[in-house]
Amino acid sequence: MHLDSVGPMHRFDAATAAMAQQVLDYTYERLRLDPVPLDRGLAPTELAARVPDSIINELGNDADHVLTLFAEALAPAVISCDSPRFLAFIPTAPTKASLLFDMVVSCSSLSGISWLEAAGAVHAENQVLRFLARLAGLPQSAGGCFVSGGSAANLSALVVARDTARQRAGAGGPHRWQLAVSEQAHSSIASTARIIDVDLLVVPTRSDDHLTGDAVATALSAEGQAESICAIVATGGTTNAGIVDDLAGVGAVARDRGIWFHADCAYGGAALLAPSARDRLAGIELVDSFVVDPHKWLFAPFDCAALVYREPELARRVHTQDASYLDVIHTSETEWNPTDYAYHLTRRARGLPLWFSLAVHGWGAYRDAIEVVLDVARAAAARIEAHPTLELVREPELSIVLFRRPGWTPADYDRWSHELLAAQIAFVTPTKWKGETVARLAFLHPETTLDIVDEILATMT
Ligand SMILES: *Cc1c(COP(=O)(O)O)cnc(C)c1O
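Below is a summary of the structure that appears in this document.

Cut-off values and rules
- Residues numbered from 1 in each chain as written.
- Predicted model: local features only at pLDDT ≥ 70, side-chain atom pairs only at ≥ 80, totals over all residues.
- Heavy atoms only, no water.
- 1 Å grid on protein atoms, 1.4 Å probe; cavity = no way out; pocket = protein on both sides within 12 Å on 5 of 7 lines; lining within 4 Å.
- Points joined across faces, edges and corners; volume = space filled by probe spheres on them.
- Helix = DSSP H or I, 4+ residues; strand = E, 2+ residues; numbered from the N terminus.
- Nonpolar A, V, L, I, M, F, W, Y, C, P; charged D, E, K, R; others polar.
- Polar contact = N/O pair within 3.5 Å; in protein donor to acceptor, adjacent residues only side chain to side chain.
- Contact = heavy atoms within 4.5 Å.
- Pairing = 2+ DSSP bridges.
- Axes fitted to C-alpha atoms, helices over the stretch in contact; angles between N-to-C directions.
- Phe/Tyr/Trp six-rings, centres within 6.5 Å; stacked < 30°, edge-to-face > 60°.
- Buried < 20%, exposed > 50% of the residue type's maximum accessible area, 1.4 Å probe, protein only.
- Domains from an automatic or database assignment.
- Left-handed = near helix turned anticlockwise from the far one by under 90°.
- Near = heavy atom within 4 Å.
- Areas by Shrake-Rupley, 256 points an atom, 1.4 Å probe, with all protein chains shown as cover.
- Expected span 1.5 Å × (residues − 1).
- Arc of directions from axis to C-beta.

### A closer look at empty space enclosed by the protein
Here is step 1 of the chain: Scanning all chains against the criterion turns up 1 cavity of 30 Å³ or more.
Here is step 2 of the chain: Contributing to the lining of the largest cavity are Val 128, Phe 131, Leu 132, Leu 273, Leu 298, Leu 354, Leu 358 and Tyr 366.
Here is step 3 of the chain: Every element with two or more residues in the lining of the largest cavity is listed here: helix H6 (115-136) and helix H13 (352-361).
Here is step 4 of the chain: Here the lining of the largest cavity takes 3 residues from H6, the largest share from any one element.
Here is step 5 of the chain: When grouped by side-chain class, the residues that make up the lining of the largest cavity number 8 nonpolar, no polar and no charged.

Put into structure tokens, the structure is as follows:
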């Protein structure tokens, strides 16, 4: 087959130029939307009718047509996670700078596997990782890489914890390894345990729901227990309620017993930047590894999680892939290969959108935006406390607010949630707290106002 018959897919010809303009126009308009419409999902049959499978065919379609289908049929069927009215799960609120630079990362095909291929990109990503390590109080020798999400980061870190424990234990290791966790730990920790085939030792939390050093020490005091623990996992901001475990207490116990200490701060790690909440993360400087998701509260686009190890060398020993065609990237001790610090190989330089935005705006702008969110969450909690028919479940520690409408059944919460979305007031989903269905607001977008909160609360009478 001759190249000419393949067509111009890889050439910048007139059709490509027109397509580039259309796509840039679309992204320009999407960036400009203020506010972003919340939108809502569609049934599979409706989507199939709007965008039939025949769109994928042998000869292709006009770019204009395909882009219009996306813009008019598909995009509105996606709830905008970056809407200030998205208060379910954990939202996202990428800066414009980070979104724009994400296009640069894509258009430049920036891979971030190795120093050999991507020295410039890796250098910039490492600046951000060092910044985060410094915020946490880790030594400047700390390091790691960006992975796709908190789940991938937890898995990668805990593989290192297990293998390091195995190696230290040598032949005298336990029959089964365990991870010590609290019942509030993120679901990805249980999933990690299944994948790496270790057991969970679920440590009960105090009456105020924090995992503490005392509770961990008590759980480890049982015969043979401490020797079988390959890592203790604390959470810096639980996903359901924003509870920050006693990192200092848990970290001290881990240090004392020589056990790996991992802090999952996927959501709450952003509070490292917030003077009004930083104290809650005291003790994070004791970790062997920690995770923070910039695609959550550090205003980066999907998908971006930062994984930092106190001693990256331990991770490198575990994760470096061995293949003859990779030998060339492993010739120098001083060249940093992100691929060696998690279970991945090929990776996009997904830390760069955050790098660009941080460099443009400065971390002071991030600090201020995070404080704005904390303020709104606290004010929302105060509104609920003062409300005649609503009850606050617990004082928010970070930016997640749990509350109840006494008298409502789970079905009432579900109906309320559907109606709020149908009216495009907000996307809010109920959760369970100690077995009870309650309402949950996850604040993360600096543009979520108290007026929006009032609109939501007004629907709960
Ligand atoms: C969101 C979250 C995760 C999972 O992160 P993903 O990026 O969704 O994979 C893990 N731990 C905590 C505490 C989280 O909030």
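### Concerning the side chain of Arg 310
Here is step 1 of the chain: Along the polypeptide, Arg 310 turns up in the loop between strand S7 (305-309) and helix H12 (312-319).
Here is step 2 of the chain: Separated by 2.4 Å, the side chain of Arg 310 and the backbone oxygen of Glu 285 make a polar contact.
Here is step 3 of the chain: Among residues more than four places away in sequence, those in contact with Arg 310 are Leu 138, Pro 139, Ser 141, Ala 142, Arg 255, Glu 285, Leu 286, Val 287 and Asp 288.

### Thoughts on the sheet that holds strand S4 (residues 229-235)
Here is step 1 of the chain: Pairing is mixed in the open sheet, where 7 strands are placed in the order S1-S7-S6-S5-S4-S2-S3. Since the sheet does not close on itself, it has two edges, and those belong to strand S1 (143-147) and strand S3 (199-203), each with one partner. Adjacent strand axes in the sheet meet at a mean angle of 20°, parallel and antiparallel pairs treated alike.
Here is step 2 of the chain: Summarising the sheet, strand S2 (residues 178-182) and S4 pair through 3 bridges and their orientation is parallel. Residue pairing in the sheet places Ala 180 in a bridge with Ile 232 of S4.

### Quick look at the packing of aromatic side chains
Here is step 1 of the chain: Under the counting rule described, the total for this entry stands at 11 aromatic pairs.
Here is step 2 of the chain: Ring geometry for Phe 299 versus Tyr 366: centroids 5.8 Å apart, planes at 45°, classification tilted. Of this pair, Phe 299 sits in the loop between helix H11 (294-297) and S7 while Tyr 366 is found in helix H14 (residues 363-386), placing the two residues 67 residues apart along the sequence.
Here is step 3 of the chain: Judged by relative accessible area, Tyr 366 falls into the buried class, the value being 2%.
Here is step 4 of the chain: With centroids separated by 4.4 Å and ring planes inclined at 10°, the aromatic side chains of Trp 336 and Tyr 341 adopt a geometry described as stacked.
Here is step 5 of the chain: One aromatic cluster is present, formed by Phe 86, Phe 89 and Phe 427 through successive ring pairs.

### Considerations on the side chain of Thr 431
Here is step 1 of the chain: Following the sequence through the fold, Thr 431 ends up in strand S10 (residues 431-433).
Here is step 2 of the chain: Beyond its immediate chain neighbours, meaning those up to four positions away, Thr 431 contacts Asn 240, Leu 402, Glu 436, Thr 437, Val 438 and Arg 440.

### As for the layout of surface pockets
Here is step 1 of the chain: In this structure, the largest pocket spans a volume of roughly 830 Å³.
Here is step 2 of the chain: In terms of lining residues, the largest pocket is bounded by 26 residues, among which Tyr 26, Arg 30, Phe 70, Asp 82 and Leu 99 are the most central.
Here is step 3 of the chain: Sorting the residues of the lining of the largest pocket by element identifies helix H2 (14-32), helix H4 (63-74) and helix H5 (96-107) as the ones contributing at least two each.
Here is step 4 of the chain: Among the elements that line the lining of the largest pocket, the one with the most residues is H5, at 5 residues.
Here is step 5 of the chain: Across the lining of the largest pocket, the residue classes break down as 18 nonpolar, 4 polar and 4 charged.
Here is step 6 of the chain: Each of two domains, domain 1 (14-81) and domain 2 (103-361), supplies a minimum of three residues to the lining of the largest pocket.

### Some points on the packing of H14 against helix H16 (residues 450-457)
Helix-helix packing is described using two parameters, namely the angle between the two axes and the distance between the axes.
Here is step 1 of the chain: Closest axis-to-axis distance for the H14/H16 pair is 10 Å, and the angle between their directions is 35°. As for the relative orientation of H14 and H16, their crossing is right-handed in sense. Counting all contacts with H14, which are made through Val 376, Ala 379, Ala 380, Arg 383 and Ile 384, the residues of H16 involved are Leu 450, Val 453, Asp 454 and Leu 457.

### Structural notes on the sheet that holds strand S8 (residues 391-392)
Here is step 1 of the chain: Here 4 strands make up an open sheet; going across it, the order is S8-S9-S11-S10 and the pairing antiparallel. Two strands bound the open sheet, and with one partner strand each, they are S8 and S10.
Here is step 2 of the chain: Two strands pair when backbone bridges link them, and S10 and strand S11 (residues 436-442) are joined in this way by 3 bridges, in the antiparallel orientation. Looking at the pairing, Trp 433 lines up with Glu 436 of S11.

### Considering the site of the ligand
Here is step 1 of the chain: Near the ligand you find 15 residues, and of these Gly 150, Ser 151, Asp 264, Asp 293 and Lys 296 are the closest.
Here is step 2 of the chain: Take Thr 239: an N or O atom from its side chain is 2.8 Å from an oxygen atom of the ligand.
Here is step 3 of the chain: Between Asp 264 and the ligand, the recorded distance is 2.6 Å, taken from a side-chain N or O atom to a nitrogen atom.
Here is step 4 of the chain: Within the complex, the protein chains bury 86% of what would otherwise be the 380 Å² of accessible surface of the ligand.
Here is step 5 of the chain: Of all the secondary structure elements, the ones that give two or more residues to the shell around the ligand are helix H7 (150-169) and H11.
Here is step 6 of the chain: Its residues placed into classes, the shell around the ligand shows 2 nonpolar, 10 polar and 3 charged.

### So, the environment of Gly 351
Here is step 1 of the chain: By the element assignment, Gly 351 lies in the loop between H12 and H13.
Here is step 2 of the chain: The class of Gly 351 is buried, set by a relative accessible area of 0%.
Here is step 3 of the chain: Considered as a pair, Gly 351 and Arg 130 are 221 residues apart in the sequence and their alpha carbons are 12 Å apart.

### What about the pairing of S2?
Here is step 1 of the chain: The element S2 is extensively covered by neighbouring structure, given that 5 of its 5 residues are classed as buried.
Here is step 2 of the chain: What you see with S2 is no split at all: Gln 178, Ala 180 and Ser 182 on one side and Leu 179 and Val 181 on the other are buried throughout.
Here is step 3 of the chain: Bridge analysis of S2 against S3 gives 5 bridges, and the strand direction is parallel. Note on S3: the bridge partner recorded for Ser 182 is Val 203.

### Notes on helix H15 (residues 410-422)
Here is step 1 of the chain: If you check H15, its first and last C-alpha atoms are 18 Å apart, about what 13 residues at 1.5 Å a residue would give, namely 18 Å.
Here is step 2 of the chain: Among all positions in H15, only Asp 412, Tyr 413, Trp 416, Ser 417, Leu 420 and Leu 421 are buried. Angularly, the buried residues of H15 cover 165° about the axis, an arc narrow enough to put them on a single face.
Here is step 3 of the chain: Summarising the contacts, the buried residues of H15 are in contact with strand S9 (400-404), S11 and H16.
Here is step 4 of the chain: A positive phi of about 60° marks Gln 424, the residue just after H15.

None of the figures reported here should be taken as evidence of function without further support.
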